[in-house]
Amino acid sequence: MGKTYTYIKTRYELNKRYGWSKFIIDVPSVAIREGVYKSFQMTEVHFAEDYGKAVSYYICNLAQLKEIYRFATASAINVMLF
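These lines cover the structure that appears in this document, whether it is placed above or below. Bear in mind the structure is a predicted one, so any value in this text is a computation, not a measurement.

### A word on helix H2 (residues 30-51)
Here comes step 1: Helix length check: H2, at 22 residues, gives a terminal C-alpha distance of 29 Å against a target of 32 Å (1.5 Å per residue), a fit within 8%.
Here comes step 2: Thr43 marks where H2 bends most, by close to 50°.
Here comes step 3: Those residues of H2 that are buried lie in contact with helix H1 (2-18), strand E1 (22-25), strand E2 (55-59) and strand E3 (77-81).
Here comes step 4: Positive phi appears at Gly52, one or two residues downstream of H2, with a value of about 75°.

### Things to note about the packing of aromatic side chains
Here comes step 1: In total, this model carries 7 aromatic pairs according to the counting rule given.
Here comes step 2: Centre to centre, the rings of Tyr5 and Phe47 are 5.0 Å apart; their planes meet at 35°, and the pair counts as tilted. Of this pair, Tyr5 sits in helix H1 while Phe47 sits in helix H2; the two residues are 42 residues apart in sequence, bridging distant segments of the chain.
Here comes step 3: Taking the relative accessible area as the measure of exposure, Tyr5 reaches 29% and is therefore partly exposed.

### Details of the pairing of E2
Here comes step 1: One ladder, built from 5 bridges, connects E2 with E3; its direction is parallel. Pairing of Val55 across the sheet is with Ile77, part of E3.

### Looking at the nonpolar core
Here comes step 1: Tyr12, Ile25, Val36, Phe40, Val55, Val79 and Leu81 are the most contacted members of the largest nonpolar core, which has 14 residues in total.
Here comes step 2: Per element, the largest residue contribution to this core is 4 residues, and it comes from H2.

### Topic: the sheet that holds E2
Here comes step 1: One open sheet holds the 3 strands; their spatial order is E1-E3-E2, and the pairing between them is parallel. The open sheet has two edge strands, E1 and E2, and neither has a second partner. Within the sheet, the average angular offset between the axes of one strand and its neighbour, ignoring direction, is 15°.
Here comes step 2: The strands that H1 touches are E1, E2 and E3; relative to E1, the one it contacts most, it runs at about 160°.
Here comes step 3: Of the strands in this sheet, E1, E2 and E3 touch H2, which is tilted by about 155° from E2.

Reading the values: the criteria
- Residues numbered from 1 in each chain as written.
- Predicted model: local features only at pLDDT ≥ 70, side-chain atom pairs only at ≥ 80, totals over all residues.
- Heavy atoms only, no water.
- Helix = DSSP H or I, 4+ residues; strand = E, 2+ residues; numbered from the N terminus.
- Expected span 1.5 Å × (residues − 1).
- Bend = angle between axes of the 7 residues up to and from the residue.
- Contact = heavy atoms within 4.5 Å.
- Phe/Tyr/Trp six-rings, centres within 6.5 Å; stacked < 30°, edge-to-face > 60°.
- Buried < 20%, exposed > 50% of the residue type's maximum accessible area, 1.4 Å probe, protein only.
- Pairing = 2+ DSSP bridges.
- Core = buried A, V, L, I, M, F, W, Y, C linked by side-chain atoms within 4.5 Å.
- Axes fitted to C-alpha atoms, helices over the stretch in contact; angles between N-to-C directions.

Right, here's the structure in full:
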């Protein structure tokens, strides 16, 4: 969980310092993707308390174009797991 924690924190820092809000995480397997998703769930409250904002995260489903549109147009921090 240490590596995942670090890059979740990095996304918050990039948002804080530069205003970046769109992030895509490409993972090599379904098992790793599920682990990353679980890490986001487990650290959600912790980071929301530290940074004062929540992150929207979801697993990309190319059959659901609404998800892609929501990712592209939202102003909050968004992470797409791919």
